[in-house]
Amino acid sequence: KLKGEILFVVSGATEGIQQRLAEFIGVEESNLPTIRLLDPANNMKKFNFGGKTESITVDSLREFVKEFKSGTLQPFLKSQDIPADNSEPVKVLVGKQFRELVIDNNNDVLVEFYAPWCGHCKKLAPIYDEVAAYFKDVSDLTIAKMDATANEVDGVDIRGYPTIKFYPKGSKNSPIDYEGGRDLEGFKTWLKEHSAAVKGYNSGRSEEL
């Protein structure tokens, strides 16, 4: 009855390409059966069917699609749990805490969006730790990272790994793409130029960072 309006597919969640799809959508085996709607025209945003799958009807699915097309559905965004301990120099971000730690505060924030399987990300990890340790005394500068395969933020579209963005205090809705060197000196040079927090920390000191 909805042919031509929406494409219906069925997938498992534990093998091969189906497992990759499940990971992308944010479905675990314990969620099954479940229904998700993907919007490829809008950065592959995901929407959860709110009803119980045990009592699905044609009418309930039709209403779900109707609400999607009317724009009244809220997208589903993946997020890991908030870490119990976040005391390391590199702060761990998750989707549900991104706004609190990045947008709704008065810090400059440098964020690495990474994937656990990404070779370039693994190579960068010890350097990024070194950067965070170097700037640890700059209280209003946050060095952070987020697993972008397990966490999503509305309005943040990550196309490759690692992607590094700088969120300057006062203009958090206009992040700057980090385009400096991927070594300690490169990060130091770039942050000294772009971070008001680093400039303020160095102001009046005989020896700068």
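Residues numbered from 1 in each chain as written. Predicted model: local features only at pLDDT ≥ 70, side-chain atom pairs only at ≥ 80, totals over all residues. Heavy atoms only, no water.

1. Re the pattern of salt bridges
Where we set the bar: One side-chain nitrogen of Lys or Arg within 4 Å of one carboxyl oxygen of Asp or Glu is enough to make a salt bridge. Secondary structure elements follow DSSP: runs of H or I no shorter than four residues count as helices, runs of E no shorter than two count as strands, and numbering proceeds from the N terminus. We call a residue buried when its accessible area falls under 20% of the maximum for its residue type, exposed when it is over 50%, and partly exposed in between, using a 1.4 Å probe and counting protein chains only.
Overall, the coordinates contain eleven salt bridges when judged by the stated rule. Across the pair D154 and K45 runs a salt bridge whose closest N-O atoms are separated by 3.2 Å. You can see D154 sitting in the loop between strand 5 (141-147) and strand 6 (163-167) and its partner K45 sitting in strand 2 (residues 45-48), a full 109 residues away along the chain. Relative accessible area serves as the criterion here: at 48%, D154 is assigned to the partly exposed category. The class for K45 is partly exposed, based on a relative accessible area of 25%. Close ionic contact of K169 with D140 constitutes a salt bridge, the shortest N to O distance being 3.0 Å. On the criterion of sequence distance, the pair formed by K169 in the loop between strand 6 and strand 7 (176-177) and D140 in the loop between helix 4 (119-134) and strand 5 is long-range, its members being 29 residues apart. You can call D140 partly exposed: its relative accessible area is 24%.

2. Digging into the packing of aromatic side chains
The condition is simple: Pairing of aromatic rings covers Phe, Tyr and the six-membered ring of Trp, with a centre-to-centre limit of 6.5 Å; geometry is then stacked below 30 degrees between planes, edge-to-face above 60, and tilted otherwise. By definition here, charges over rings are those cases where NZ of Lys or CZ of Arg is within 6 Å of the ring centre and within 35 degrees of the ring normal.
This structure, assessed with the given rule, holds ten aromatic pairs. An angle of 80° between the planes, with centres 5.3 Å apart, marks the rings of F49 and F64 as edge-to-face. Of this pair, F49 sits in the loop between strand 2 and helix 2 (58-70) while F64 sits in helix 2, placing them 15 residues apart in sequence. Just as F49 is buried, F64 falls in that class too. Note on Y134 and F135: the rings are 5.0 Å apart at their centroids and 80° apart in plane angle, and the pair reads as edge-to-face. Classification of F135 by relative accessible area gives buried; the value is 1%. One aromatic cluster is present, built from ring pairs that chain together Y128, F166, Y178, F187 and W190. Over the face of the ring belonging to F76 we find R36, whose NZ or CZ atom lies 4.9 Å from the ring centre. Sitting over the ring of F24, K46 keeps its end group 4.4 Å from the ring centre.

3. What about a negative patch on the surface?
What counts here: Patch definition: residues with relative accessible area over 30% and no salt bridge; like charges joined within 9 Å; nonpolar side chains (Val, Leu, Ile, Met, Phe, Trp, Tyr) joined within 5 Å. Working definition of accessibility: Shrake-Rupley area with a 1.4 Å probe, residue cover restricted to the visible protein chains. In this tally, Asp and Glu contribute negative charge and Lys and Arg positive charge; neither His nor the terminal groups of the chain are included. By convention, the charge on Lys lies at NZ, on Arg at CZ, on Asp at CG and on Glu at CD.
Residues D85, E88, D129 and E130 make up a contiguous surface patch of negative charge. Of note, D129 is situated in helix 4.

4. Section: the side chain of Q97
Put simply, the test is: Throughout, a contact is declared for two residues whenever any of their heavy atoms are within 4.5 Å.
Take Q97: it is sitting in the loop between strand 3 (90-93) and helix 3 (98-103). Ignoring sequence-local partners within four residues, the contact set of Q97 consists of I82 and P83.

All quantities given are derived from atomic positions and should not be read as evidence of function.
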